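So the chains spell out like this:
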Amino acid sequence: MINGGRRLCGEVDISGAKNAAVAILPAALLTKGRCRIENVPDIKDVNHILEIMRQLGATYEKIDRNTIEIDGSGVKQWVAEYEIVKRMRASYYLVGALLGRFKKAKVAMPGGCNFGERPIDQHTKGFEALGAKVSLQQGMFDLEAEKLCGNAIYMDVVSVGATINIMIAAVLAEGLTVIENAAKEPHVVDVANFLNSMGANIKGAGTDVIRIMGVEELGSCTYALIPDQIEAGTFMMAAAASGGDVLVKNVIPKHLDAISAKLVEMGVEIEEYDDAIRVKRSGVLHKANVKTLPYPGFPTDLQPIVVTLLTTAEGTSMVNEGVWENRFQYVDELRRLGANISVSGRTAVIEGVSKLMGAYVKATDLRAGAAMIIAALMAEGTTRITNIQYIDRGYEHVEEKFGKLGADIKREKMEDEEC
Ligand code: EPU
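What counts and what doesn't
- Residues numbered from 1 in each chain as written.
- Predicted model: local features only at pLDDT ≥ 70, side-chain atom pairs only at ≥ 80, totals over all residues.
- Heavy atoms only, no water.
- Helix = DSSP H or I, 4+ residues; strand = E, 2+ residues; numbered from the N terminus.
- Rg over C-alpha atoms; globule rule 2.2 N^0.38 Å.
- Buried < 20%, exposed > 50% of the residue type's maximum accessible area, 1.4 Å probe, protein only.
- Contact = heavy atoms within 4.5 Å.
- Polar contact = N/O pair within 3.5 Å; in protein donor to acceptor, adjacent residues only side chain to side chain.
- Near = heavy atom within 4 Å.
- Areas by Shrake-Rupley, 256 points an atom, 1.4 Å probe, with all protein chains shown as cover.

(A) Here's a closer look at the overall build of the protein. A tally of regular secondary structure across the protein gives 14 helices and 24 strands. Computed over C-alpha atoms, the radius of gyration of the protein comes to 21 Å, within 12% of the 22 Å expected from 2.2 N^0.38 for 419 residues, which places it in the range of a compact globule. Seen along its three principal axes, the alpha-carbon backbone of the protein occupies a region of about 65 × 45 × 40 Å. The buried share of the protein, taken over its 419 residues, is 55%. Taking the intrachain contacts of the protein between residues at least 6 apart in sequence as the baseline, contacts between residues at least 24 apart amount to 71%.

Right, here's the structure in full:
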């Protein structure tokens, strides 16, 4: 429940990156040693992946809220059934990790947010190039290799998941693997740095070409995750949406360049520090056109949030979705709050309105859920958001963080809540 209209002011600490965590935790299974991972966000997706790893035989200890020590020495099996992976798209990283370690893996096809078709052909192509036989049987992704051998792999589309998955599998392959047209997202670099700290030999992560020289084994390490680019962008846009003044702390400002530039174009003031960004807005919001693209472009995961911000900007804005085929399902919810948006294919046209009005809405997925929070902060009156389990998948203690900035937000258990 959110009572809108409050300016957000103060400081917020950004958590570790969800999309790095969900790859790095399974990648820790590549070694029989212990990996201590710091700055792990306390979110449902992390707890879920840890539970899957536990069921595979790994043990873990929570040293504190954000530090986890993983011991993969007890993992003896390479099969993850549908029942345990169904809620989580990122469970596909288990394929790379189990294939790398055991040279076989059997993992059910993942679930996750629905943005239209979500193919895995680039993952398959990479694993096959490394020498694995891949088949899909009764919804299970089944892979087996006598041994994995390095190879040159040209990615037909820029895929974060496939780039990371192939990198994870290739670190223990024989010889050199070269991934061309690789994804360059900050968490691709984070996974490479983590693997290198276990003893892998990966060069070029963060560029279009990643070179992985296989090593015989990996060992224990201690590693701290990078801050979450998308959570940081969410709070930056929330500050702008509420006409507030917020210092977004524990960030890597370089990762936020595309977001800062767009906010400046909209008339928002941005001040950059070494590891923080101050976002302040006192004037009106200007219209803007946005196209989402792989990094370093504007992130698709902030698309629902930037659309929300533009609902009350002066003039007509256009937002084009350049990554996913169908990521505008939440627009109906924004319309309930009074937004004027029309969608045609992958483009949304947003006519700025003078204000949004509180209403009952639902989170249709993780980032759309965060967009509903921001819309509710902007709206006059009370907004009730249901299906917030989506938000808990990826945002750590969300109402605490917004509450500390002055939002009137509380979590309630509703009798009629949809699951
Ligand atoms: N694609 C293919 N073939 C493949 C893989 C992907 O055609 O084998 C296409 C997809 O259909 C899509 C594009 O390539 O059009 C990009 O997909 P990508 O593989 O990069 O996405 P992903 O790895 O499945 C991750 C994030 C998403 C984020 C995308 C794009 C994780 C766990 N998920 O997904 O994050 O939207 O990259 O940046 O890292 C979120 O955090 O809310 C979220 C959905």
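(B) Structural view of the environment of D208. Positionally, D208 belongs in the loop between β12 (201-203) and β13 (209-213). The exposure class of D208 is partly exposed, given its relative accessible area of 38%. Spatially, the C-alpha atoms of D208 and N181 are 4.9 Å apart, while their sequence positions differ by 27 residues. Once residues lying within four places of it in the same chain are set aside, the contact partners of D208 are I179, E180, N181, A182 and K184.

(C) Looking closely at the side chain of Q303. Along the chain, Q303 turns up in helix α10 (residues 303-310). Those residues within four positions of Q303 in sequence are excluded, and the remaining contacts are T292, F298, V319, E321, R327, F328 and Y330.

(D) Up close: the environment of N66. Of note, N66 is situated in the loop between β4 (59-64) and β5 (67-71). With a relative accessible area of 23%, N66 lands in the partly exposed category. Residues N66 and R335, spaced 269 residues apart in sequence, show a C-alpha to C-alpha distance of 37 Å. Non-local contacts of N66, meaning those with residues more than four positions away in its chain, are made with I37, E38, N39, V40, P41, D42 and E396. Of the polar contacts made by the side chain of N66, one reaches the side chain of E396; its length is 3.0 Å.

(E) Quick look at the site of the ligand. Residues in close proximity to the ligand total 26 residues, the closest being Q122, S159, V160, D301 and V323. In the environment of the ligand, an oxygen atom lies 3.3 Å from a nitrogen or oxygen atom belonging to the backbone of P119. Here an oxygen atom of the ligand and a backbone polar atom of G161 are 2.8 Å apart. Calculation on the ligand without its partners gives an accessible area of 830 Å², and the protein chains cover 90% of this total.

(F) Main features of unusual backbone geometry. Each neighbour pair has its own omega, and for Y295 with P296 the value is 10°, a cis peptide bond. Examined against the element boundaries, P296 turns out to sit in the loop between β18 (289-291) and α10. With a phi close to 60°, N39 is a non-glycine residue in the positive phi region. Tracing the backbone shows N39 in the loop between β3 (34-38) and α2 (44-55). On the basis of relative accessibility, which here comes to 23%, the residue N39 falls in the partly exposed class. Positive phi outside glycine occurs at N181, with the angle close to 60°. Relative to the assigned elements, N181 resides in the loop between β11 (176-180) and α7 (186-197).

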